[in-house]
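Coordinate inspection notes
Now for the letters of each chain:
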Amino acid sequence: MILHMSREPIDTAGPPGMRLRTMKESDLHGVYALEVASQPLPWPRWFFRRQLRTGASCWVLEQGEHVVGFGIVAFVKDRAHIMNLCVAPGYRRRGLGRRIMLQLLRAARQHHCQRVWLEVRPTNRAAVLLYRKLGFRQKQVIRAYYPSPSGRNNALCMARALPQRPLPRSAETPAAPA
């Protein structure tokens, strides 16, 4: 990781021309477009702006000038909540979601969080598998959690402890066990 001239953290590990950096208000158009392309009922635009303004750790993965992924983690006392993690359809299955998630876990650790939790659709098998590989374990099923065009869908609530040692910097390095 290097420090950009604006002093914003930038992760340069990964494919050439792709970088992971803190989200700015000017990224919200691209972030929202990606959310709309990826979710049947996306978060409203104002919700992303609120996350930026209320202390959540918000990150974008960009290829050139295009947002190809993002992640948001919020903090509640000694716990972190992965609010949203999204990778553009044409960029999935390349380890980019893992790269973003590792950054969210590092942010949680920097905030001295001891546990991290998230919700995920049981039908999102790739995400569930990623989270399991990163040490998350299913804690419960939340009935009718997600709104959908056909009603409401369940969510898996998954959680993990955060290690006291540093998390890996790149997607190629194995995650630390919980």
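Quantities reported herein were computed from a predicted structural model and do not represent experimental measurements.

Section: the pattern of salt bridges
This structure, assessed with the given rule, holds five salt bridges. Between glutamate 62 and arginine 19 there is a salt bridge; the shortest N-O distance is 2.4 Å. You can see glutamate 62 sitting in strand β4 (residues 57-63) and its partner arginine 19 sitting in strand β3 (residues 18-22), a full 43 residues away along the chain. A relative accessible area of 3% means that glutamate 62 is categorised as buried. For glutamate 25, the salt bridge is made with arginine 53, and the minimal N-O distance between the two is 2.8 Å. With glutamate 25 in the loop between β3 and α1 (28-38) and arginine 53 in helix α2 (residues 45-53), this residue pair connects regions lying 28 residues apart in the sequence. Through salt bridges with shared partners, a single ionic network connects Arg19, Arg21, Asp27 and Glu62.

So, the confidence of the model for the protein
Summary statistics for the protein give a mean pLDDT of 87 and a share of 84% for residues scoring 70 or more. The lowest-confidence element of the protein is strand β1 (residues 2-3), averaging 32 in pLDDT; the highest-confidence one is strand β7 (residues 115-120), averaging 98. When the criterion is pLDDT under 50, residues 1-8 qualifies, and its contacts beyond four places in sequence or with other chains add up to 15 contacts. Note on residues 171-178: pLDDT is under 50 here. Beyond four places in sequence and across chains, it has 24 contacts.

What counts, and at which threshold
Residues numbered from 1 in each chain as written. Predicted model: local features only at pLDDT ≥ 70, side-chain atom pairs only at ≥ 80, totals over all residues. Heavy atoms only, no water. Salt bridge = Lys/Arg side-chain N within 4 Å of Asp/Glu carboxyl O. Helix = DSSP H or I, 4+ residues; strand = E, 2+ residues; numbered from the N terminus. Buried < 20%, exposed > 50% of the residue type's maximum accessible area, 1.4 Å probe, protein only. pLDDT = per-residue confidence, 0-100. Contact = heavy atoms within 4.5 Å.

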